[in-house]
Amino acid sequence: MEDFEIVELYWNRNEDAIIQSERKYGRYCKKIANNILFSNEDSEECVNDTWIRAWSSIPPNRPDNLGAYLGKITRNLALNMYEKMNARKRGKNQTRLALDELSEVLGHESDVQQHLDLTALTESINRFLRTIDSENRKIFVRRYWYMASVNEIAWDYRITVGKVKMSLMRTRNSLREFLKKEGFEV
Amino acid sequence: MKNTDLLKAMTDIDDEFIEEAARKRTSLIPSGFSLRTATSLAMAAIAIVAVIVVRPQLGMGRKGDRSDDKYVYEYHTEGEEKEYLVPSSVSNKANDSLTAFEEREGEDGKQYFARDGTELYTVIKTREVQDWNLPVFVNQGVYDYRDYSVHVFGNEADKAEFAQWERNGYYYSITFAEPFAVEEALKIIAEIE
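This structure is a prediction, so every number in the text was calculated from the model and none was measured. Residue numbers run consecutively from 1 along every chain, following the written order of its sequence. By the order in which they are written, chains take letters starting at A while ligands take numbers starting at 1. Local features are withheld for residues below a pLDDT of 70 in this predicted model, meaning they are given only at 70 or higher, and side-chain atom pairs are given and counted only at 80 or more; totals for whole chains, interfaces and linings count all residues.

**Student:** Would you take a moment to explain helix α4 (residues 66–85) of chain A for this structure?
**Tutor:** Residues that lie three or four places apart on an α-helix share one face, since the helix turns once every 3.6 residues. The helix count covers DSSP runs of H or I at least four residues long, the strand count covers runs of E at least two residues long, and both are numbered beginning at the N terminus. Helices are assigned an expected span. That span is 1.5 Å times one less than the residue count. A rise of 1.5 Å per residue sets the reference length of α4 of chain A, with its 20 residues, at 28 Å; its end C-alpha atoms lie 28 Å apart and thus fit the reference within 8%. Partly exposed residues are those falling between the two cut-offs: more than 12 but fewer than 20 other C-beta atoms within 10 Å of their own, whereas 20 or more means buried and 12 or fewer means exposed, with C-beta atoms placed from the backbone. Counted residue by residue, α4 of chain A has 14 buried out of 20 residues, so it is predominantly covered.

This is how it looks when you write it as structure tokens:
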């Protein structure tokens, strides 16, 4: 079923919308959640919550790209769950590793809680992503949006692990400089 | 700023970037191959006929002599005809491998694999992505099958010479001795599962 047809089901308050969403994007959302949470049970909970969020947000929203829309909901839910569970959860899952890597961009976390406008930060990241070439951008987004492992990225793009790591390191450094110029404290 | 802020801010990046990264395979798909759907591949798998009756079970066969740096193949006889031999799984410290040969019919009417027959393919199973010593090909296609994808490579349109896929934490590489029709190659790969 095409995305616009599924969205139409949501708008018509037809519960098939959830069935069709799950059929088409269930695996995709599960993968996103699992990369962050590293837990089958928690990922399933996130994905189930994704359908509920979608149901309550469409309408009024009418996403052009349903996959990205649902993926964002899942990612958001998974990150929130990750934060809540982080105190008692240990281990080197992809989220922990990604956070470790991103700490290079931020230097060290400030003790003083800086009021941060996440929307402004997102806009800066969007601007930054437009400045880099497609290959490095895809690697960056696969790593820090999809939370794919370095090995997985190397496999998907048919490049070496070393090349992925090098690309990520350069992009993180560029992002750091870019955010500084944009006035963020990093 | 906390590093989780950066991850959270990433969530709402433009859809085009998310979509671009999700199309991880399309940029690699050349004009030489046409994509098949999972359904057609599944149907092809069901339609496997007796032309190639190779049911390798990597890692499950008897082990040959071990070697640190090369694969050692072990053969055992099938029936009384000594010249007809079936290759079985081989292993070294980290990987499993298997070479399959063209099937031949013995004088007794039974199907055997001939030691001197044409080599069809070799499969290697590894824990890590095989990014060493990879041959270079003109074409690459990606075929979704069940919950995994098979990356097929070749130098002629719709012919496979090499393929890789990941399954249950293992990476499989198959090298075809001669360019193989993609359809047939996929049938073999479906059997290897």
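**Student:** Sorry if this is basic, but what is going on with the nonpolar core here?
**Tutor:** Soluble, globular proteins show a tendency: their nonpolar side chains are buried together. Ranked by internal contacts, the top residues of the largest apolar core, which has 58 residues, are A33, I36, A78, V141, Y144 and W145 of chain A together with M10 of chain B. Counting residues per element, this core draws most heavily on α4 of chain A, which supplies 10 residues. Domain start and end points were adopted from an automatic or database domain assignment. Structurally, this core is a two-domain feature, drawing no fewer than three residues from each of domain 1 (3–85) and domain 2 (94–181) of chain A. Our contact criterion uses C-beta atoms placed from the backbone: two residues qualify when those atoms are within 7 Å. Look past the residues within four positions of A78 of chain A in its chain and what remains in contact with it is I32, A33, I36, L37 and C46 of chain A. Structurally, a nonpolar core is described as a collection of buried Ala, Val, Leu, Ile, Met, Phe, Trp, Tyr and Cys residues joined by way of C-beta atoms within 7 Å.

**Student:** Hey, could you run me through helix α8 (residues 150–157) of chain A in this one?
**Tutor:** Looking only at α8 of chain A, the buried set comprises V150, I153, A154, W155 and D156 of chain A. Structurally, α8 of chain A contributes buried residues whose contacts are with α7 (134–144) and α9 (161–181) of chain A together with β10 (159–167) of chain B.

**Student:** Help me understand the confidence of the model for chain A in this model?
**Tutor:** If pLDDT is low for a region, its predicted coordinates should not be looked at in detail. Per-residue confidence from the prediction method is given by pLDDT, with values spanning 0 to 100. The predicted model of chain A averages 84 in pLDDT, with 89% of residues at 70 or higher. Per-element mean pLDDT across chain A ranges from 74 in helix α5 (residues 94–106) of chain A up to 94 in helix α1 (residues 3–11) of chain A.

**Student:** What exactly am I supposed to notice about unusual backbone geometry here?
**Tutor:** Excluding glycine, residues mostly carry a negative phi; peptide bonds, for their part, are mostly trans. Residues and elements named next belong to chain A. Look at the link from I58 to P59: it is a cis peptide, with omega at -15°. Along the chain, the position of P59 falls in the loop between α3 (40–57) and α4. Note that the residue after P59, namely P60, is joined by a cis bond; omega there is 15°. Looking at the element boundaries, P60 is found in the loop between α3 and α4. Phi is positive for R13, which is not a glycine, with a value near 55°. Here R13 shows up in the loop between α1 and α2 (16–37).

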